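# Summary of structural features
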Amino acid sequence: MKEKMRKFMLGRYGFDELSKVCLGTTVVLMVCSMFLGNRLLYLMAIGLLICCYYRAFSRNIEKRRAEGQKYRNFRYQNTVRWNAFKKRQEQKKLYCFYKCPQCRQKVRVPKGRGRICITCPKCSREFIKKS
């Protein structure tokens, strides 16, 4: 049986990271549809399952690889944004954040200094804000 499956999958894309995420989402949607009794969630889960197996059995490897790369880029960008958000939330206790009125560059200044003149590091414009 293993040999037949291996021969069948020869030349096909197979399961990658995006396929695993689709399968996990399918399971979650099916469980939610069971508890909520919502047919729409069930149909979405079935559609996602079909899409996942279509990707896995596809012979167009380059297109599936490009889709997987788009997913990895999307996930990486969101991870970077989330980490920047967490870092900024930690720094809010000690710093105030302002945007330069000219170039929209974010500028970080220490809290508790009163009204200060801030010089933008990007465009060198000076503006006055309360810290």
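Look a little higher up for the structure.
Here we summarise the structure given alongside this text. (Residues numbered from 1 in each chain as written. Predicted model: local features only at pLDDT ≥ 70, side-chain atom pairs only at ≥ 80, totals over all residues. Heavy atoms only, no water.)

### Observations regarding the pattern of salt bridges
What the rule picks out here adds up to five salt bridges. The salt bridge involving Glu-17 is made with Arg-75; its shortest N-O contact spans 1.8 Å. Taken together, the residues span a long stretch of sequence, with Glu-17 in helix H2 (residues 17-36) and Arg-75 in helix H4 (residues 61-91) at a distance of 58 residues. A salt bridge links Arg-55 to Glu-67; the nearest nitrogen and oxygen atoms lie 2.4 Å apart. One end of the pair, Arg-55, is in helix H3 (residues 39-57); the other, Glu-67, is in helix H4, with 12 residues separating them in the sequence. (Salt bridge = Lys/Arg side-chain N within 4 Å of Asp/Glu carboxyl O. Helix = DSSP H or I, 4+ residues; strand = E, 2+ residues; numbered from the N terminus.)

### Considering H4
Relative to the 45 Å expected for 31 residues at 1.5 Å per residue, H4 spans 45 Å between its end C-alpha atoms, a close match to the ideal helical length. Buried within H4 are the following residues: Arg-64, Gly-68, Tyr-71 and Gln-91. In this structure, the buried residues of H4 make contact with H2, H3, strand E1 (95-99) and strand E2 (106-110). (Expected span 1.5 Å × (residues − 1). Buried < 20%, exposed > 50% of the residue type's maximum accessible area, 1.4 Å probe, protein only. Contact = heavy atoms within 4.5 Å.)

### Re the packing of H2 against H3
Put simply, H2 and H3 touch, their axes get as near as 8 Å, and they point 160° apart. Regarding the angle of H2 to H3, the classification is roughly antiparallel. Like other packed secondary-structure pairs, H2 and H3 cross with a definite hand, here left-handed. Contacts between H2 and H3 pair Leu-18, Ser-19, Cys-22, Leu-23, Thr-25, Thr-26, Leu-29, Met-30, Cys-32, Ser-33 and Leu-36 from the former with Leu-41, Tyr-42, Met-44, Ala-45, Ile-46, Leu-48, Leu-49, Cys-52, Tyr-53 and Arg-55 from the latter. Its residues assigned to classes, the contact of H2 with H3 comprises 16 nonpolar, four polar and one charged. (Axes fitted to C-alpha atoms, helices over the stretch in contact; angles between N-to-C directions. Parallel < 35°, antiparallel > 145°, perpendicular 65-115°, else oblique. Left-handed = near helix turned anticlockwise from the far one by under 90°. Nonpolar A, V, L, I, M, F, W, Y, C, P; charged D, E, K, R; others polar.)

### Quick notes on the pairing of E2
Burial of E2 is one-sided: the residues Val-107 and Val-109 facing one way are buried, the residues Lys-106, Arg-108 and Pro-110 facing the other way are not. When E1 meets E2, the two strands line up antiparallel, connected through five bridges. Along E2, the bridge assignment pairs Tyr-95 with Pro-110. Here E1 folds back onto E2 in antiparallel fashion, the turn holding six residues, of which Arg-104 has a positive phi close to 65°. (Pairing = 2+ DSSP bridges.)

Function cannot be inferred from these measures alone, as they are strictly geometric.
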